[in-house]
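# Fold and contact review
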Protein chains: 2
Amino acid sequence: MSFDHPVIAIVGAGAVGGYYGGRLAQHGHDVHFLLRGDYEAVRRNGLTVQSCDGDFRIPAGAVRAYDEPRRMPTADLVIVALKSTNNDQLDPLVRPLLKDDTAVLTLQNGLGNEDRLAELFGAGRVLGGMAFVCINRVGPGVIRHTDHGIIRIGEFADPSRRDRVDRIAVMFNASRVRCEVLDDLRFGRWQKLLWNIPFNGLGAALDLTTDRLVGSDEGLALVRQLMEEVRAAARADGVELPAELVDININNTLSMGPYKSSMQVDRQHGRAMEVEAILGEPLRRARSGGASTPILAALYRAAVVVDAGLQARGSARHL
Amino acid sequence: MSFDHPVIAIVGAGAVGGYYGGRLAQHGHDVHFLLRGDYEAVRRNGLTVQSCDGDFRIPAGAVRAYDEPRRMPTADLVIVALKSTNNDQLDPLVRPLLKDDTAVLTLQNGLGNEDRLAELFGAGRVLGGMAFVCINRVGPGVIRHTDHGIIRIGEFADPSRRDRVDRIAVMFNASRVRCEVLDDLRFGRWQKLLWNIPFNGLGAALDLTTDRLVGSDEGLALVRQLMEEVRAAARADGVELPAELVDININNTLSMGPYKSSMQVDRQHGRAMEVEAILGEPLRRARSGGASTPILAALYRAAVVVDAGLQARGSARHL
């Protein structure tokens, strides 16, 4: 991976890909966006970002947008921001972008995305990251960023290897994106799941915002029970989440006010929910590690049933 | 309880009370309706029933409607068709209607209604029944009955005592209401809960119709798991539900097509759901009998949280 003038490909330029790729492009990097639904709009009008950290625009003449990976140059860094429900398209979308030393960073939600990329393209290429950001696509080629924005990234196969991930972090930090390097990506993933499983999972299954889930004794008891099961699942996967993270997450959520998780938003818009990445894969790891997680198992089943009825499935709007 | 010319009081003349009380009045019985929300409409326009078993009307001049139990005559038979969420009003609504030998028959959903009546008015008075009926209030004083209609009733305290319950059954059967006598009311209650807990409970918590719950392997697995927990809860309460009832209920539900349970309808209309009668009391009996029912416990908590956010609480529309 060359870092003098790296070629960067963004696969899945929805809100997350558009925002982080847009920041890199805004700061002079050579960024190529692979789009589907918004391709024509971005070609015509460029990419517009309304951001709490400063609005910006990549004009139509300057944006490098594509609707077909074979027309793109091979990249030094591929950033995967595809919705994880479209992971069956990773091979055709990412493979044409690869050369020998291309690094692949997934900013997708949940568990199992790095594993899938490693399986397809070799573990040595893979980095993972989590975006802590409130962001929405508000129209074709228009993204609204309302809060937060930090990303935490780490190497997947060899956490001791720091040069590559450090250089990517420097690049983001120089592009108005706060970026921290994780010593232990798996710990980071499970730490985020401790919030995502109750609040995305339960919030979507019951169609309730976060304030409702933490607004009563019964809701808190259910959230705590699920969080303890997530800790047991993480332990079965080799990650020890400290007990105090439960209270920290609950207190943060209490202070957030009504918040609609991405999975609840997907349910309400009739779009595929990220059930496998956020619930299914954690459950499978709990099971193969011998953890007992009955509520997580029931929640997974419930979410599969809810998801099975959603209308506008597929990738068109999410790539 | 006199049965030559019994005075019958209907407490809670919503759809169920209005329909069954209306059938008795239509067939010449002396029926007195205690209403709240629909009192003025019924006084003015009478009670209208559009029924798959034959439409009928009790005209304004003939209907005996009240909005205050103290103005009603004492009754030989009180039929309680109040929504169980309003059980805190049983004492003021029912007590004024009682004389020494008044029988009280509850047609309410779920578990615990007979116990509450027994506690308040003495177990010897109490009978319980289940209405298997598709029925809706479609306007003030207007009820639409679309399917089924059988009621199954039994003595609460002394199942061997048959004279009273047999005479009530004869009265219903002579009034175009099919009525069967249960030898074991508790068995009947648990048998109905085997359906109600997954389909009312889960259907309301997830906001899904019955076809969605039985329409996938994951949904069926979740429904089966809950039904096995209901069997364990029933066993802890002294009732053995045969294993084959699980498949029978699932197959019946598969043949029903999309069906919205009463609890899901309540959720969608922002009305209080019968969480305690359908989920809470069964769970408490499981616990006090030492049964392990983790999914039922989680479902109860989830339903409490959903219910806590519903808007139009209270009794006005349901009495």
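Computed from a predicted structure; not experimentally measured.

### With respect to the nonpolar core
Membership of the largest hydrophobic core comes to 95 residues, with the highest contact counts inside it found for Leu279 of chain A together with Leu279 of chain B. For leucine 279 of chain B, the residues in contact, after removing those within four places along its chain, are Ile197, Gly201, Met263, Glu274, Leu296, Leu299, Tyr300 and Ala303 of chain B.

### As for empty space enclosed by the protein
In this structure the tally under the stated criterion is 4 cavities of 30 Å³ or more. What the largest cavity holds in volume is close to 190 Å³. Leu202, Ala298 and Leu299 of chain A together with Ala298 and Leu299 of chain B are the residues nearest the centre of the largest cavity, which is lined by 16 residues in total. When contributions to the lining of the largest cavity are tallied by element, the ones reaching two or more residues are helix H6 (185–206) and helix H12 (294–308) of chain A together with helix H6 (185–206) and helix H12 (294–308) of chain B. Grouping the constituent residues of the lining of the largest cavity by class yields 16 nonpolar, no polar and no charged.

### Quick look at the packing of helix H8 (residues 217–236) of chain A against helix H9 (residues 244–256) of chain A
Residues and elements named next belong to chain A. At their nearest, the axes of H8 and H9 sit 10 Å apart, and the two run at 140 degrees to each other. As the angle between them shows, H8 and H9 are arranged oblique. In this structure, the crossing between H8 and H9 has a hand that is right-handed. Contacts from Leu220, Val223, Arg224, Met227, Glu228 and Arg231 in H8 reach Val246, Asp247, Asn249 and Ile250 in H9. When grouped by side-chain class, the residues that make up the contact of H8 with H9 number 5 nonpolar, 1 polar and 4 charged.

### Details of the interface of chain A and chain B
Listed as interface residues are 23 residues of chain A and, on the opposing side, 23 residues of chain B. It is Glu218, Arg301 and Val305 of chain A in chain A that bury the most area against chain B; as a group they hold 31% of the surface buried on that side. Summed over the shared surface of chain A and chain B, the result is 2 salt bridges. Taking the shortest distance from any N to any O, the salt bridge between arginine 301 of chain B and glutamate 218 of chain A comes out at 3.5 Å. Connecting chain A to chain B are 8 residue pairs in polar contact (both at pLDDT 80 or more). Put simply, the parts of the chain that give the side of chain A that touches chain B at least two residues each are H6, helix H7 (210–213), H8 and H12 of chain A.

### Focus on the confidence of the model for chain A
Residues and elements named next belong to chain A. In the predicted model, chain A carries a mean pLDDT of 93, and 96% of its residues have values of at least 70. Within the model, pLDDT remains below 50 along residues 312–319, and this stretch shows 23 contacts once partners closer than five positions in the same chain are excluded. Scored as a complex, the prediction yields pTM 0.90 and ipTM 0.88.

### Examining the pattern of salt bridges
All names here are of chain A. This model, assessed by the stated rule, comprises 53 salt bridges over all chains. A salt bridge links aspartate 247 to arginine 224; its shortest N-O distance comes to 2.9 Å. Residue aspartate 247 is located in helix H9, and its partner arginine 224 is located in helix H8; the two are separated by 23 residues in the primary sequence. For arginine 224, a relative accessible area of 35% puts it in the partly exposed group. Ionic contacts of the salt-bridge type, sharing partners, join the residues Asp115, Arg186, Asp237, Glu276, Glu281, Arg284 and Arg285 into one network.

### With respect to the environment of cysteine 134 of chain A
Residue and element names in this part refer to chain A. With respect to the helices and strands, the residue cysteine 134 is situated in strand E8 (residues 126–139). Look at cysteine 134 and you get buried, because its relative accessible area is 18%. Residues cysteine 134 and valine 11, 123 residues apart in the sequence, show an inter-C-alpha distance of 20 Å.

### Regarding the relation of the copies chain A and chain B
You can overlay chain A on chain B at an RMSD of 0.0 Å; the transform is a turn of 180 degrees with a shift of 0.0 Å along its axis. Expressed as an axis order, the relation between the two copies is that of a two-fold axis. For chain A, the minimum C-alpha distance to the rotation axis belongs to leucine 206 of chain A and amounts to 2.4 Å. A share of 100% of interface residues in chain A that are also interface residues in chain B marks the association as one of identical surfaces.

### Notes on the packing of aromatic side chains
Enumeration according to the criterion identifies 8 aromatic pairs over all chains in this entry. On the basis of an interplanar angle of 75 degrees and a centroid distance of 5.0 Å, the ring pair of tyrosine 19 of chain A and tyrosine 20 of chain A is categorised as edge-to-face. A relative accessible area of 1% places tyrosine 19 of chain A in the buried class. One aromatic cluster in this structure is built from Tyr19, Tyr20 and Phe172 of chain A. Over the ring of phenylalanine 132 of chain B we find arginine 152 of chain B, and its NZ or CZ is 4.9 Å from the ring centre. Here the basic side chain of lysine 192 of chain B rests over the ring of phenylalanine 132 of chain B, its NZ or CZ set 4.8 Å away from the ring centre.

### Details of helix H11 (residues 275–288) of chain A
Taking 1.5 Å of rise per residue, 14 residues should cover 20 Å, and H11 of chain A covers 18 Å from first to last C-alpha, within 8% of that figure. What H11 of chain A keeps buried is the set Val275, Ala277, Ile278, Leu279, Gly280, Pro282, Leu283, Arg285 and Ala286 of chain A.

### Considering the pairing of strand E8 (residues 126–139) of chain B
Residue and element names in this part refer to chain B. Counting buried residues in E8 gives 10 out of 14 residues, a clear majority hidden from the surface. In this structure, strand E7 (residues 103–106) lies alongside E8, joined through 3 bridges in parallel fashion. Bridging across to E8, leucine 105 finds its partner in leucine 127. Adjacent in sequence and paired antiparallel, E8 and strand E9 (residues 142–155) are bridged by 2 residues, among which glycine 141 carries a positive phi angle near 75 degrees.

Definitions and limits used
- Residues numbered from 1 in each chain as written.
- Chains lettered and ligands numbered in written order.
- Predicted model: local features only at pLDDT ≥ 70, side-chain atom pairs only at ≥ 80, totals over all residues.
- Heavy atoms only, no water.
- Core = buried A, V, L, I, M, F, W, Y, C linked by side-chain atoms within 4.5 Å.
- Buried < 20%, exposed > 50% of the residue type's maximum accessible area, 1.4 Å probe, protein only.
- Contact = heavy atoms within 4.5 Å.
- 1 Å grid on protein atoms, 1.4 Å probe; cavity = no way out; pocket = protein on both sides within 12 Å on 5 of 7 lines; lining within 4 Å.
- Points joined across faces, edges and corners; volume = space filled by probe spheres on them.
- Helix = DSSP H or I, 4+ residues; strand = E, 2+ residues; numbered from the N terminus.
- Nonpolar A, V, L, I, M, F, W, Y, C, P; charged D, E, K, R; others polar.
- Axes fitted to C-alpha atoms, helices over the stretch in contact; angles between N-to-C directions.
- Parallel < 35°, antiparallel > 145°, perpendicular 65-115°, else oblique.
- Left-handed = near helix turned anticlockwise from the far one by under 90°.
- Buried area = accessible area lost by both parts, 1.4 Å probe.
- Salt bridge = Lys/Arg side-chain N within 4 Å of Asp/Glu carboxyl O.
- Polar contact = N/O pair within 3.5 Å; in protein donor to acceptor, adjacent residues only side chain to side chain.
- pLDDT = per-residue confidence, 0-100.
- Least-squares fit on C-alpha atoms with pLDDT ≥ 70 in both.
- Phe/Tyr/Trp six-rings, centres within 6.5 Å; stacked < 30°, edge-to-face > 60°.
- Lys NZ or Arg CZ within 6 Å of the ring centre and 35° of its normal.
- Expected span 1.5 Å × (residues − 1).
- Pairing = 2+ DSSP bridges.

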